[in-house]
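# Close look at the chain arrangement
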Amino acid sequence: MRQSPAALVAAVLVVLAATGAVVPLVAGAPASGPPGDAPPEDPPADALGWEDGYWYNESIPVTAADGFNDTERDAVVSRSMARVERIRRLEFERRVPVEVVTRQQLRDRLATLAGPVSRADRLHQNVKYEALYMVGESTDALAVQRANRGATIGGYYDPRSGRIVLVSENATAPRIDEITLAQELFHALQDQRFDVDWQRGSTREAHNALDGIVEGDGNYVDYLYERRCEAEWNCLADSTAPPAAGDTAVANFGMYLLAFQPYSDGPPFVKAIHESGGWAAVNAVYENPPASTEQTIHPEKYGVDAPTNVTVADRSDDRWRPLDLEGSVDHAAFGEAGIFSMLWYPSYEASQRSGTVTNVVIPYAKPFNLGNDSRLDRLDPINYSHPASAGWDGDRLLPYVTDESRETNETGYVWKTAWDTERDAREFAAAYRKLLEYHDAERVGNATYRLPEDGGSGDAVHLVVRNKTVTIVNAPTVDDLSGVRTSVTVEPIEAGGGAGAGDGAENRTTNGTENRSNATDGGSGASGPGFGPPAALVALALVLVALLARARS
């Protein structure tokens, strides 16, 4: 699925309004390049780079400005299939049908495809994103995810029907973005040639890890397609009309950033494999897909650094129990990408609220890969690496409920994270304490905190660092912590202890490491080279426009 170029613009307008900055909003449309060599005669049988009477480099008699009738659409689809074949060196086994729907029809269809959701499933989603501090207890996280998808999708491939669905406000004479079409055609090609598990894993981490090859390959093919459009092919300019701002507002940028990770880190991961071993090497990755987001954030770890299978033993009392999803996976995992997104999101949230760049844990501008010319890297726009999240080796979150949770929405969880080294574990713990501080958590014990009610939670949190693991226990109240995890003991705060004190030498080492991490990022008041209010805000707006202009699936 491709996402609309306007989708996240609204997310930065609050900040821009505060600075008076004016930023041109230009959708990314492929340029029309000079025609390639004249196509040869039609082959006697199907050939690579030829589909249904059209070669990859021949012109087609269509007029994009007034939309496409059925004949024109068939020609565009055939030539795009031929071009995808030419780039990816794989033959389509059968033609791919294309359907066009309006954005409202898309929303209705997504709701139908999702099917009914049980109260347990909804609680599970709420616990997950509450643990990342992206939603409060009163927020329906599942509805937020659906709103994100419905606002930003420009098209998708449905493996169940084998057809492509494109979004156009005029479904009778639709306007089509050739690059969106190419992206979805490639997903159809993947479905025909590879054994792709379209369920994409049982957790967000497993989903993103598999998408490292599925979407990474698709977006790399898009990148090569666009370069051909600029250099040698006559390509159709994007004639799609941008939807109204109200139709594209992203409900939660933190959740969107987490879901976007494979679209940013996947393409350079695939590019490196292609350049070293050709398309055959890329094809082989489908047999051994990335095992974690860590392996696409740090490609040198692919096939080498397998994640630890973290387990969480149930140590709850008689009142609390793990949330039963009736045969589905009862736990969650976020990976390095999830932890990075969690630690960065407060800087975005605070900056939006204040109208000026505010750095909380991970600096505001840290994720955006800008070159010396302040342009976004076309292939790898977002950087998900930071000392506080690097060194991840595995994680598992186990949600807990009581008999009253379905009515009260009050839940708990045990989130255990494993790290490569003890120092990595301490760095994460230090960053997590900063996260608690940002949310105005009151320290009520040596390793125990209470969040304020007006922050949407009011929960209690217990943080334990032991060797190379960090375990976070959450419950509605301090007293409930030992119900969710009977081993939790709230120890009194040591006299003279500051924030995070009570861990002894461990805390002193953590604070030193934390300071080194901040220095690497340019200090607490900087956002990287050339970033400072209001320049950082203007640059970020341009980044988001460009980012969404090339975002797929």
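Residues numbered from 1 in each chain as written. Predicted model: local features only at pLDDT ≥ 70, side-chain atom pairs only at ≥ 80, totals over all residues. Heavy atoms only, no water.

## Some points on the overall build of the chain
- When its secondary structure is counted, the chain shows 16 helices and 13 strands.
- Burial analysis of the chain (553 residues in total) assigns 56% to the buried set.
- Contacts in the chain between residues at least 24 apart in sequence constitute 75% of all its contacts with a sequence separation of at least 6.
- Of the roughly 22000 Å² of accessible surface on the chain, a fraction of 48% belongs to carbon and sulfur atoms. (Helix = DSSP H or I, 4+ residues; strand = E, 2+ residues; numbered from the N terminus. Buried < 20%, exposed > 50% of the residue type's maximum accessible area, 1.4 Å probe, protein only. Contact = heavy atoms within 4.5 Å. Areas by Shrake-Rupley, 256 points an atom, 1.4 Å probe, with all protein chains shown as cover.)

## What to know about the pattern of salt bridges
- According to the stated counting rule, one finds 21 salt bridges in the structure shown.
- Note that D420 and K301 form a salt bridge whose closest N and O atoms lie 3.5 Å from each other. Separated by 119 residues along the polypeptide, D420 in the loop between β9 (412–419) and α13 (422–438) and K301 in the loop between α10 (294–297) and β7 (321–322) bring together distant segments of the chain.
- R426 is the salt-bridge partner of E422, the closest N and O atoms lying 4.0 Å from each other. (Salt bridge = Lys/Arg side-chain N within 4 Å of Asp/Glu carboxyl O.)

## Examining the environment of G218
- When you line up the elements, G218 lands in helix α7 (residues 204–231).
- In sequence terms G218 and E184 are 34 residues apart; their C-alpha atoms lie 8.3 Å from each other.
- In contact with G218, other than residues within four places in its own chain, are Q183 and F186.

## Some points on the packing of aromatic side chains
- A complete count under the given rule lists 20 aromatic pairs for this structure.
- Ring centres of F194 and Y286 lie 4.0 Å apart, and the angle between their planes is 0 degrees; this geometry places the pair in the stacked category. Highlighted residues: F194 in the loop between α6 (178–193) and α7 and Y286 in the loop between α9 (253–285) and α10, separated in sequence by 92 residues.
- Exposure remark for F194: the relative accessible area of 12% places this residue in the buried category. (Phe/Tyr/Trp six-rings, centres within 6.5 Å; stacked < 30°, edge-to-face > 60°.)

## Notes on the confidence of the model for the chain
- Overall, the predicted model of the chain reaches an average pLDDT of 80, with 75% of residues at or above 70.
- Low pLDDT, under 50, characterises residues 1–36; the predicted model gives this stretch 110 contacts beyond four residues in sequence or across chains.
- Counted against residues more than four places away or in other chains, residues 497–539, with its pLDDT under 50, gives 62 contacts. (pLDDT = per-residue confidence, 0-100.)

## Quick notes on the nonpolar core
- M342, L343, W344, W415, F428 and Y432 are the most contacted members of the largest nonpolar core, which totals 56 residues.
- Sorting the residues of this core by element identifies α4 (119–131), α9, α11 (335–354), β8 (392–401), β9, α13, β12 (460–466) and β13 (469–475) as the ones contributing at least two each.
- At nine residues, the largest contribution of residues to this core is made by α11.
- If we skip the residues at most four places from it in the chain, F428 touches I339, M342, L343, A388, T417, W419, V470 and I472. (Core = buried A, V, L, I, M, F, W, Y, C linked by side-chain atoms within 4.5 Å.)

## Some remarks on α4
- If you check α4, its first and last C-alpha atoms are 18 Å apart, about what 13 residues at 1.5 Å a residue would give, namely 18 Å.
- When you tally the buried positions in α4, you get ten out of 13 residues, the bulk of the element.
- Every buried residue belonging to α4 is among A120, L123, H124, Q125, N126, V127, K128, Y129, E130 and A131, and all of these are buried. (Expected span 1.5 Å × (residues − 1).)

## Side note on the side chain of R79
- Locating R79 in the fold gives a position in helix α2 (residues 70–88).
- A polar side-chain atom of R79 sits 3.1 Å from the main-chain carbonyl oxygen of E58.
- A polar atom in the side chain of R79 sits 3.4 Å from the backbone oxygen of N234.
- Excluding anything up to four places from it in sequence, R79 contacts Y54, W55, Y56, E58, S59, I60, E178, N234, C235 and L236. (Polar contact = N/O pair within 3.5 Å; in protein donor to acceptor, adjacent residues only side chain to side chain.)

## With respect to unusual backbone geometry
- Phi at N409 is positive, roughly 65 degrees, even though this residue is not glycine.
- Assignment of secondary structure puts N409 in the loop between α12 (405–408) and β9.
- Since its relative accessible area comes to 12%, N409 is described here as buried.
- Of note, the phi angle at D440 is positive, near 60 degrees, even though the residue is not glycine.
- With respect to the helices and strands, D440 occurs in the loop between α13 and β10 (442–445).

## Here's the deal with the sheet that holds β8
- The seven strands lie next to each other as β7-β8-β9-β13-β12-β11-β10, forming an open sheet whose pairing is antiparallel. Each edge of the sheet is formed by a strand with only one pairing partner; in this case those strands are β7 and β10.
- In this sheet, β13 lies alongside β9 in antiparallel orientation, the contact comprising six bridges. Bridge pairing in β13 links K416 to T471.
- Along the sheet, α13 contacts β9, β11 (448–450), β12 and β13; its crossing angle with β12, the most-contacted strand, is approximately 165 degrees. (Pairing = 2+ DSSP bridges. Axes fitted to C-alpha atoms, helices over the stretch in contact; angles between N-to-C directions.)

## Details of the state of the cysteines
- This model, assessed by the stated rule, comprises one disulfide.
- Paired by a disulfide, C229 and C235 hold their sulfur atoms 2.0 Å apart. Between C229 and C235, the S-S torsion sits near -80 degrees, and that sign places the bridge as left-handed.
- Note on C229: relative accessible area 0%, which makes it buried. (Disulfide = S-S within 2.5 Å.)

## Thoughts on the packing of α11 against α13
- Interhelical geometry of α11 versus α13 gives an angle of 30 degrees and a closest axis separation of 11 Å. With respect to each other, α11 and α13 are oriented roughly parallel. For the crossing formed where α11 meets α13, the hand is left-handed. Between α11 and α13, the residues in contact are I339, M342, L343, P346, E349, A350 and R353 and F428, A431, Y432, L435 and Y438, respectively.
- Split into classes, the residues belonging to the contact of α11 with α13 amount to ten nonpolar, no polar and two charged. (Parallel < 35°, antiparallel > 145°, perpendicular 65-115°, else oblique. Left-handed = near helix turned anticlockwise from the far one by under 90°. Nonpolar A, V, L, I, M, F, W, Y, C, P; charged D, E, K, R; others polar.)

## Digging into the environment of D46
- As for its placement among the helices and strands, D46 is situated in the loop between α1 (9–19) and β2 (50–51).
- Separated by 46 residues in the primary sequence, D46 and F92 have C-alpha atoms spaced 9.5 Å apart.
- If near-sequence neighbours (up to four positions away) are discounted, D46 is found in contact with E51, E91 and F92.

## What about a negative patch on the surface?
- Taken together, E410, E437, D440, E453 and D454 make up a surface patch of like negative charges.
- Given a relative accessible area of 58%, D440 falls into the exposed group. (Patch = residues over 30% accessible without salt bridge, like charges linked within 9 Å, V, L, I, M, F, W, Y side chains within 5 Å. Lys, Arg positive; Asp, Glu negative; His and termini not counted. Charge placed at Lys NZ, Arg CZ, Asp CG, Glu CD.)

## So, α13
- Spanning 17 residues, α13 covers 25 Å between terminal C-alpha atoms, matching the ideal 24 Å at 1.5 Å per step.
- Within α13, 14 of the 17 residues are buried, which leaves the element mostly enclosed by the surrounding structure.

## A look at the packing of α2 against α6
- It is the contact of α2 with α6, at a shortest axis distance of 9 Å, that shows an interaxial angle of 65 degrees. In the crossing of α2 with α6, the sense of the turn from one axis to the other is right-handed. Facing α2, whose interface residues are V76, V77, R79, S80, M81, R83, V84 and R88, α6 presents E178, L181, A182, L185, F186 and L189.

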